[in-house]
Amino acid sequence: MKTPMIAMLGAAAVALAAYTFTRDDPVEATGLPQIEGQPMVAVTRPETLTAEATMGKRAFDATCAACHGNDGAGKLGSGPPLVHKVYEPSHHSDMAFVLAVQNGVRSHHWRFGDMPAQSGLTKADVAAITTYVRELQRTNGIN
């Protein structure tokens, strides 16, 4: 009698964990309008960027901002914010950014659909974009 109950509780715990880690991460209350195409989070820009982050901003604006929004703030209906705790270095390493660009990403934290691989970016471009995103994240308390 105890074994089936333990198995059911274990299955319920696994299901709850799967739901928790695969559902949309809620957008924090930022006071921003919840209108398609608008930023999802408020992003504070650093006073200055390193030279590599400045190059990364240029590449980000040209390639990533269409979906991920200006300064990685996300764009309702298009793509998630990269300046968000979900993308902190301890959860998404710098290599995760490289692999996302090279291979694309299956939707798992958000419901924007899959991200396709991105062409036309060099390894140096992706490294600079990652540096830019990390500098934005640090300025916004994401370490």
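What you see is a predicted model; the values in this text were computed from it and never measured.

1. A short note on the packing of helix α2 (residues 51-63) against helix α5 (residues 123-139)
1) Next: Contact pair α2 / α5: the axes reach a minimum separation of 7 Å and the direction vectors enclose 105 degrees. As far as their axial angle goes, α5 and α2 are roughly perpendicular. Note on element contacts: α5 touches α2 through A127, A128, I129, T131, Y132, V133 and E135, opposite E52, A53, M55, G56, K57, A59 and F60.
2) Next: Here the contact of α2 with α5 is composed, by residue class, of nine nonpolar, two polar and three charged.

2. Section: the nonpolar core
1) Next: By size, the foremost hydrophobic cluster in this structure holds 21 residues, and its most contacted members are F60, L82, I129 and V133.
2) Next: Every element with two or more residues in this core is listed here: α2, α4 (94-103) and α5.
3) Next: Ignoring any residue separated from it by four or fewer positions in sequence, one finds I129 in contact with G56, A59, F60, C64 and L121.

3. As for the confidence of the model for the protein
1) Next: A residue-level look at the protein finds 77% of positions with pLDDT of 70 or above and a mean pLDDT of 85.
2) Next: Ignoring residues within four places in sequence, the model shows residues 12-26, a span with pLDDT below 50, making 13 contacts including any to other chains.

4. So, the packing of aromatic side chains
1) Next: One pass over the full model with this rule turns up two aromatic pairs.
2) Next: On the basis of an interplanar angle of 40 degrees and a centroid distance of 6.3 Å, the ring pair of W110 and F112 is categorised as tilted.

5. Describing the packing of α4 against α5
1) Next: Between α4 and α5, the least distance of the axes is 10 Å, while the angle of their chain directions is 130 degrees. When the axes of α4 and α5 are compared, the pair comes out oblique. Every pair of crossing elements has a handedness; the one defined by α4 and α5 is right-handed. Across the interface between the two elements, D94, F97, V98 and V101 from α4 touch V126, T130, V133 and R134 from α5.
2) Next: Residue classes in the contact of α4 with α5 are distributed as five nonpolar, one polar and two charged.

6. Describing the pattern of salt bridges
1) Next: A full pass over the atoms with the stated rule returns three salt bridges.
2) Next: Ionic pairing is found between K57 and D61, a salt bridge with its closest N-O pair at 2.8 Å. With K57 and D61 both in helix α2 and four residues apart, the pair spans about one turn of that helix.
3) Next: Take K57: its relative accessible area is 27%, and that puts it in the partly exposed class.
4) Next: R134 serves as the salt-bridge partner of D94, at 2.8 Å between the closest nitrogen and oxygen. Here D94 is found in helix α4, whereas its partner R134 is found in helix α5, with 40 residues between them in sequence.
5) Next: The class of R134 is buried, set by a relative accessible area of 6%.

Rules used throughout
- Residues numbered from 1 in each chain as written.
- Predicted model: local features only at pLDDT ≥ 70, side-chain atom pairs only at ≥ 80, totals over all residues.
- Heavy atoms only, no water.
- Axes fitted to C-alpha atoms, helices over the stretch in contact; angles between N-to-C directions.
- Helix = DSSP H or I, 4+ residues; strand = E, 2+ residues; numbered from the N terminus.
- Parallel < 35°, antiparallel > 145°, perpendicular 65-115°, else oblique.
- Contact = heavy atoms within 4.5 Å.
- Nonpolar A, V, L, I, M, F, W, Y, C, P; charged D, E, K, R; others polar.
- Core = buried A, V, L, I, M, F, W, Y, C linked by side-chain atoms within 4.5 Å.
- Buried < 20%, exposed > 50% of the residue type's maximum accessible area, 1.4 Å probe, protein only.
- pLDDT = per-residue confidence, 0-100.
- Phe/Tyr/Trp six-rings, centres within 6.5 Å; stacked < 30°, edge-to-face > 60°.
- Left-handed = near helix turned anticlockwise from the far one by under 90°.
- Salt bridge = Lys/Arg side-chain N within 4 Å of Asp/Glu carboxyl O.

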